[in-house]
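Examining the three-dimensional arrangement
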Amino acid sequence: MTTSAMPQINPEYVHWFRNSAPYINTHRGKTFVIMFGGEAVNHANFSTLIHDFALLHSLGIKLVLVHGARPQIEKNLKEAGIASPLHQDIRITPRAAMPSILQAVGAIRLQLEAQLSMGLANSPMYGSRIDAISGNFVTARPYGIRDGIDYQMTGEVRSIDIEAIKNNLLHDHIVILGSMGYSATGEVFNLLAEDVALNAAVALGADKLIFLGEEAGINDGDRLLREMIPNEVDRFLRDRDLNCEINYFLNCASLACRKGVHRTHIISYAKDGALLEELFTRDGSGTLISHDPYEEIRRANIDDVVGLIELLSPLEEQGILVSRSRECLEQEIDHYSVIKRDGMILGCAAFYPLDKDSAEIACVAVHPEYRNGSRGADLLAFLEQQARSHGLHKLFVLTTRTAHWFVEQGFAEVEASALPEARQEQYHNGRNSKVFQKNL
């Protein structure tokens, strides 16, 4: 008599499931505001996205879904022969266009409610029992006349009925907000869904604001920027077109962070599983914009030079660091990152790309009164993330006094010959530094 072999469980699945447990525990009971446009609703992946919303709900996450309807509105207006042009990517809404707009927004709301109510056996929605609630939660006011243009029935968010939304979330309902707002006089205004999501997240004190766009996140050239802080967002958006969807998401994310929403994510609605990957894995799938912490790690700028001199001078006098003039620091300031608290620089480190595969970390320093914590390691982690964003795989550091500390951070001693050739030529400077390498 033979017995059939026991079915084998995919070890990758087991590993992922075990490692997702901390995120499941962290997210339970938290409030997420998720915004997506009408393009996402039309996409083939949207039914899968609905299943993922249901999964988040089943894990105890409180969801507020905010949807746009631009392509659906464009289609209805075209069929009705009504002109409703865009100026700086904001629709000018004549009163005659409102029935077409209301029909488009209402149809999406009904579609969402219907899909969230599915409970078919042998489907991911089986047994979900989700109540989706929508209503007049958003109060609006006219956008008015700007640059001489009357936007007519286009509006902007005036307030959010937070108590009503929180009451529904408390009773395990998913709240649906559309791109419409209501005035005290009974008028209905056409709003930007992104602004509804931003205002709702801020007013609710949401734990996360998530934008679902066509792209995977924020790309700088051909590389995905996985993490940003508002100051980096400001630099990135300088001289860029804010009317581009992804840049507008990024601007809203920066505003949300500065107004108390600690984490905002920009991910793809087109990639199957992107939402789950972003929320339940360490690396995520898109771009995270995180709130400026009380003690901030960021890229240095020219205003930091004086503070860097004050931090580095004692270490240079002791021979621990190579002496750097003010002119040198000013010229190389873009290579530096700093830890700053209330205007004071507590630590710094420099990042110098060496070739297409490696970079050097230099000038790692922490103020003597703040060396008991993890600031040095936090700086290294910040630069390691920077290296990964550049697609680099090796980090080098040269040191005379702090070899053991770098070993504790995962570096291993190597021969100077391991350095790229151009860096080897500069190595023999009389300091006889030890060379350490870390593979990323």
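Residues numbered from 1 in each chain as written. Predicted model: local features only at pLDDT ≥ 70, side-chain atom pairs only at ≥ 80, totals over all residues. Heavy atoms only, no water.

Next up on the list: the overall build of the chain. Broken down by element type, the chain carries 15 helices and 25 strands. For the chain, the C-alpha atoms occupy an extent of roughly 85 × 80 × 35 Å along the three principal directions. At a minimum sequence separation of 6, the contacts of the chain that also span at least 24 residues come to 70%. Carbon and sulfur atoms provide 49% of the accessible area of the chain, an area that totals close to 22,400 Å². The centroid of the 42 positive side-chain charges in the chain is displaced by 3 Å from the centroid of its 56 negative side-chain charges. (Helix = DSSP H or I, 4+ residues; strand = E, 2+ residues; numbered from the N terminus. Contact = heavy atoms within 4.5 Å. Areas by Shrake-Rupley, 256 points an atom, 1.4 Å probe, with all protein chains shown as cover. Lys, Arg positive; Asp, Glu negative; His and termini not counted. Charge placed at Lys NZ, Arg CZ, Asp CG, Glu CD.)

There is a patch of like negative charges on the surface, built from Glu39, Glu214, Glu215 and Glu245. Examined against the element boundaries, Glu215 turns out to sit in the loop between strand 13 (208-213) and strand 14 (218-220). (Patch = residues over 30% accessible without salt bridge, like charges linked within 9 Å, V, L, I, M, F, W, Y side chains within 5 Å. Salt bridge = Lys/Arg side-chain N within 4 Å of Asp/Glu carboxyl O.)

Compared with the 18 Å implied by 1.5 Å per residue over 13 residues, the 18 Å span of helix 3 (residues 46-58) between its first and last C-alpha is a close match. Buried residues of helix 3: Phe46, Leu49, Ile50, His51, Asp52, Phe53, Ala54, Leu56 and His57, and no others. Directly after helix 3, the chain includes Gly60, whose backbone phi takes a positive value near 90 degrees. (Expected span 1.5 Å × (residues − 1). Buried < 20%, exposed > 50% of the residue type's maximum accessible area, 1.4 Å probe, protein only.)

Before going further, it helps to examine a nonpolar patch on the surface. Nonpolar side chains collect at one region of the surface, where Ile9, Tyr13, Trp16 and Phe17 lie side by side and expose about 450 Å² of accessible area between them. Mapped onto the elements of the fold, Tyr13 is located in helix 1 (residues 11-27). When its relative accessible area of 48% is taken as the criterion, Tyr13 is described as partly exposed.

Moving on to the packing of helix 7 (residues 193-204) against helix 9 (residues 245-258). In the contact formed by helix 7 and helix 9, the axes pass within 10 Å of each other and the chain directions differ by 15 degrees. The pairing of helix 7 with helix 9 is recorded here as roughly parallel in orientation. Helix-helix and strand crossings are classified by hand; for helix 7 and helix 9 the assignment is right-handed. Counting all contacts with helix 7, which are made through Glu194, Asp195, Leu198 and Val202, the residues of helix 9 involved are Tyr248, Phe249, Cys252, Leu255 and Ala256. Class assignment for the residues of the contact of helix 7 with helix 9 results in 7 nonpolar, no polar and 2 charged. (Axes fitted to C-alpha atoms, helices over the stretch in contact; angles between N-to-C directions. Parallel < 35°, antiparallel > 145°, perpendicular 65-115°, else oblique. Left-handed = near helix turned anticlockwise from the far one by under 90°. Nonpolar A, V, L, I, M, F, W, Y, C, P; charged D, E, K, R; others polar.)

The subject of this paragraph is the packing of aromatic side chains. Tallied over the entire structure, the rule returns 6 aromatic pairs. Ring geometry for Tyr143 versus Tyr151: centroids 4.8 Å apart, planes at 80 degrees, classification edge-to-face. The same class applies to Tyr143 as to Tyr151, namely buried. Ring geometry for Trp405 versus Phe406: centroids 5.0 Å apart, planes at 80 degrees, classification edge-to-face. (Phe/Tyr/Trp six-rings, centres within 6.5 Å; stacked < 30°, edge-to-face > 60°.)

Counting residues in each nonpolar core, the largest one holds 83 residues, and the members touching the most others are Ile34, Phe36, Phe53 and Leu177. In contact with Ile34, not counting residues within four places along its chain, are Phe53, Leu56, Leu63, Val64, Leu65, Val66, Ile210, Leu212 and Leu275. By size, the runner-up hydrophobic cluster in this structure holds 18 residues, among which are Leu315, Tyr336, Cys363 and Ala365. (Core = buried A, V, L, I, M, F, W, Y, C linked by side-chain atoms within 4.5 Å.)

Let us look at the pattern of salt bridges. Summed over all chains, the structure comprises 15 salt bridges. One salt bridge connects Arg95 with Glu187, and the closest N-O pair in it is separated by 3.3 Å. Placement of Arg95 in the loop between strand 4 (90-91) and helix 5 (98-116) and of Glu187 in the loop between strand 11 (180-182) and strand 12 (188-190) is noted, with a sequence separation of 92 residues between them. A salt bridge links Arg258 to Asp234, with the shortest nitrogen-to-oxygen separation between them at 2.7 Å. Of this pair, Arg258 sits in helix 9 while Asp234 sits in helix 8 (residues 230-237), placing them 24 residues apart in sequence. The structure contains a network of salt bridges with shared partners spanning Arg141, Arg146 and Glu156.

In the predicted model, the chain carries a mean pLDDT of 88, and the fraction of residues at 70 or more is 94%. Mean pLDDT in the chain bottoms out at helix 1, which sits at 79, and peaks at strand 1 (residues 31-36), which reaches 97. (pLDDT = per-residue confidence, 0-100.)

This part covers the domain arrangement of the chain. What the domain assignment lists for the chain is domain 1 (12-293) and domain 2 (296-439). The straight-line distance from the C-alpha centre of domain 1 to that of domain 2 is 40 Å. Counting from both sides, the interface comprises 9 residues of domain 1 and, opposite them, 8 residues of domain 2. Between domain 1 and domain 2, the buried area comes to about 710 Å², and carbon and sulfur atoms account for 46% of it. (Domains from an automatic or database assignment. Buried area = accessible area lost by both parts, 1.4 Å probe.)

This part covers helix 13 (residues 375-389). A rise of 1.5 Å per residue sets the reference length of helix 13, with its 15 residues, at 21 Å; its end C-alpha atoms lie 21 Å apart and thus fit the reference within 8%. All of the buried residues along helix 13 are Arg375, Gly376, Leu379, Leu380, Leu383, Glu384, Gln386, Ala387 and Ser389.

The strands making up a sheet are joined through hydrogen bonds of the backbone, oriented either antiparallel or parallel. Within the open sheet, the 8 strands sit side by side as 5-10-2-1-13-17-18-16. Their pairing is mixed. This sheet does not close on itself; its edge strands, each paired only once, are strand 5 (131-134) and strand 16 (227-228). Pairing of strand 1 with strand 13, which is carried by 5 bridges, proceeds in the parallel orientation. Bridging from a neighbouring strand, Val33 pairs with Leu209 of strand 13. (Pairing = 2+ DSSP bridges.)

The next thing to look at is unusual backbone geometry. Excluding glycine, a negative phi dihedral is what most residues carry, and trans is how most peptide bonds are arranged. Despite not being glycine, Asp172 shows a phi value in the positive range, around 65 degrees. As for its position among the elements, Asp172 is in the loop between helix 6 (162-170) and strand 10 (173-177). Positive phi is not limited to glycine here, since Cys363 has a value of about 55 degrees.

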